[in-house]
Amino acid sequence: MRGLTSAQADDLRQALRTAERRSGLRFGLFLGEPAAGGRRHFAERLHAALGAEAAHAVVVLVDPRGRGIEIVTGESARPRLTDAACRLTAMSMATAFSAGDLIGGLLYGINALGEQAAARR
């Protein structure tokens, strides 16, 4: 993960694995500036690129420079991670980011989504 220390990247990978293990869903994180077409469109393309796994997947896109967060859920993940739950998680992440805590916000978001999905398993 570009721009992160190896310890930060390891922490994020561990958080993703933990969220997957607890929830049974696949989690992906994109950190950076999305390609042309806008954040939402790019996040949806990343999600669709998961192919058969997309239905059981959650993709979190964070664009620190553009100050944006997108959370895309697959068909099977959506009942467990409602739009409202994703919005609340994104708002909490944004609060951490605005305080200068990028890694803390990312870890919080991944963990919160994993826990919410596990609770509705």
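Our structure's up above, just so we're on the same page.
So, here's what we can say about the structure. From a predicted model like this one, the values you see are computed outputs, not experimental measurements.

1. Thoughts on the overall build of the chain
Part 1: Scanning the chain for helices and strands turns up four helices and three strands.
Part 2: Of the regular secondary structure in the chain, the N- to C-terminal order runs α-β-α-β-β-α-α.
Part 3: The C-alpha radius of gyration of the chain comes to 13 Å, within 12% of the 14 Å expected for a compact globule of 121 residues.
Part 4: When its C-alpha atoms are laid out on the principal axes, the chain stretches across 35 × 30 × 25 Å.
Part 5: Buried positions account for 40% of the 121 residues belonging to the chain.
Part 6: Within the chain, residue pairs in contact and separated by at least 24 positions form 58% of the contacts whose partners lie at least 6 positions apart.
Part 7: Accessible area of the chain: about 6600 Å², with a carbon and sulfur share of 50%.
Part 8: Within the chain, one finds 16 positive and 12 negative side-chain charges whose respective centroids are separated by 1 Å.

2. Some thoughts on the sheet that holds strand β1 (residues 26-31)
Part 1: Spatially, β1-β2-β3 is the arrangement adopted by the three strands of the open sheet, whose pairing is mixed. Edge positions in the open sheet fall to β1 and β3 (68-73), since each of these has one partner strand only. When strand polarity is set aside, the average angle formed by the axes of neighbouring strands in this sheet is 10°.
Part 2: Bridge analysis of strand β2 (residues 57-63) against β3 gives six bridges, and the strand direction is antiparallel. Within β3, the residue paired with Val60 across the bridge is Ile71.
Part 3: Most of the contacts of helix α2 (residues 39-48) go to β3, to which it runs at about 35°, and overall it touches β1, β2 and β3.

3. Some thoughts on the nonpolar core
Part 1: Leu29, Val58, Val60, Ile71 and Leu113 are the most contacted members of the largest nonpolar core, which has 23 residues in total.
Part 2: The biggest single contributor to this core is helix α4 (residues 102-119), with five residues.

Definitions and cut-offs
- Residues numbered from 1 in each chain as written.
- Predicted model: local features only at pLDDT ≥ 70, side-chain atom pairs only at ≥ 80, totals over all residues.
- Heavy atoms only, no water.
- Helix = DSSP H or I, 4+ residues; strand = E, 2+ residues; numbered from the N terminus.
- Rg over C-alpha atoms; globule rule 2.2 N^0.38 Å.
- Buried < 20%, exposed > 50% of the residue type's maximum accessible area, 1.4 Å probe, protein only.
- Contact = heavy atoms within 4.5 Å.
- Areas by Shrake-Rupley, 256 points an atom, 1.4 Å probe, with all protein chains shown as cover.
- Lys, Arg positive; Asp, Glu negative; His and termini not counted.
- Charge placed at Lys NZ, Arg CZ, Asp CG, Glu CD.
- Pairing = 2+ DSSP bridges.
- Axes fitted to C-alpha atoms, helices over the stretch in contact; angles between N-to-C directions.
- Core = buried A, V, L, I, M, F, W, Y, C linked by side-chain atoms within 4.5 Å.

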